[in-house]
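Summary of structural features
Single-letter residue listing:
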Amino acid sequence: MRQTAIVLAIVVAAVPAGRVRAQTPAKTFSAAGFDIAAEGDLKGFALELKPRKIADGLEVVAIRLTSGTPQPPPRFTLKWSLPSHDVVGQWATGRQMDKTIHPDWSGGRLTASMFAREAPVSCLFGTC
């Protein structure tokens with residue numbers, strides 16, 4: 001059984017305007033063999049996802065937003081999918097004791113995160 005983990009870390013930085021490239025609202029990145037889609041209006045920010053291999057089957061993805069002028073970062077969504085074979089629960093920082101796997105038609109399966117209240121971490125787990 002192959003186990004793969006993706007950890008996302010967010011880094012926000014402002015760089016000189018000459019170094020910023022225009023970014024389309026939706027772009028796909030690749031990490032740990034998964035396609036990660038970035039969706040939303042980036043309002044002039046450039047988005048970069050840079051994976052770094054930690055061990056076999058484990059990568060950390062650094063997320064970098066850059067803008068030519070200081071401004072609040074835009075709201076955007078990162079989406080990816082993975083097979084859920086042998087998964088019995090999902091843990092996220094803001095869900096307290098609720099480890100339920102919500103169906104894909106449920107609005108409760110997507111968890112918004114904010115630096116001020118919870119980390120952008122989610123973990124699927126099995127019994128083995």
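Residues numbered from 1 in each chain as written. Predicted model: local features only at pLDDT ≥ 70, side-chain atom pairs only at ≥ 80, totals over all residues. Heavy atoms only, no water.

1. Some thoughts on the overall build of the protein
Counting its secondary structure elements, the protein contains 0 helices and 8 strands. Each helix and strand of the protein, ordered N terminal to C terminal, gives the series β-β-β-β-β-β-β-β. The buried share of the protein, reckoned over its 128 residues, is 22%. In the protein, the share of contacts with a sequence separation of at least 24, taken over all contacts with a separation of at least 6, comes to 59%. (Helix = DSSP H or I, 4+ residues; strand = E, 2+ residues; numbered from the N terminus. Buried < 20%, exposed > 50% of the residue type's maximum accessible area, 1.4 Å probe, protein only. Contact = heavy atoms within 4.5 Å.)

2. Focus: the pattern of salt bridges
If you walk through the whole model with that rule in mind, you get 2 salt bridges. Between Glu-39 and Lys-79 there is a salt bridge, with its nearest N and O atoms 3.3 Å apart. Note that Glu-39 is positioned in strand E3 (residues 34-39) and Lys-79 in strand E6 (residues 77-79), a separation of 40 residues in sequence. On the accessibility criterion, Glu-39 (33% relative accessible area) is partly exposed. For Lys-79, a relative accessible area of 40% puts it in the partly exposed group. (Salt bridge = Lys/Arg side-chain N within 4 Å of Asp/Glu carboxyl O.)

3. Description of unusual backbone geometry
In the Ramachandran plot, Lys-43 falls in the positive-phi region, its phi being about 50° despite a non-glycine side chain. In this fold, Lys-43 is placed in the loop between E3 and strand E4 (46-55). Phi is positive for Asp-86, which is not a glycine, with a value near 60°. In this fold, Asp-86 is placed in the loop between E6 and strand E7 (89-92).

4. Structural notes on the nonpolar core
Core analysis: the biggest nonpolar cluster contains 12 residues, these being Phe-29, Ala-31, Ile-36, Ala-38, Leu-42, Phe-45, Leu-47, Leu-49, Val-61, Ile-63, Leu-65 and Leu-78. Elements supplying a minimum of two residues to this core: strand E2 (26-31), E3, E4 and strand E5 (58-66). (Core = buried A, V, L, I, M, F, W, Y, C linked by side-chain atoms within 4.5 Å.)

5. Here we look at the confidence of the model for the protein
When the pLDDT values of the protein are averaged, the result is 74; 70% of them are 70 or greater. The least confident element of the protein, judged by mean pLDDT, is strand E1 (residues 5-12) at 43; the most confident is E4 at 90. This model gives residues 1-25 a pLDDT under 50, and the stretch forms 59 contacts once residues within four places in sequence are excluded. (pLDDT = per-residue confidence, 0-100.)

6. Looking at the environment of Val-88
With respect to the secondary-structure elements, Val-88 resides in the loop between E6 and E7. With a relative accessible area of 49%, Val-88 lands in the partly exposed category. A sequence separation of 13 residues divides Val-88 from Ile-101, and the C-alpha atoms of the two residues are 7.5 Å apart. With near-sequence residues (within four places) excluded, Val-88 lies in contact with Ile-101, Phe-125, Gly-126 and Thr-127.

7. Let's talk about the side chain of Ser-67
Examined against the element boundaries, Ser-67 turns out to sit in the loop between E5 and E6. Judged by its relative accessible area of 2%, Ser-67 is buried. At 2.8 Å, the side chain of Ser-67 forms a polar contact with the backbone oxygen of Thr-69. (Polar contact = N/O pair within 3.5 Å; in protein donor to acceptor, adjacent residues only side chain to side chain.)

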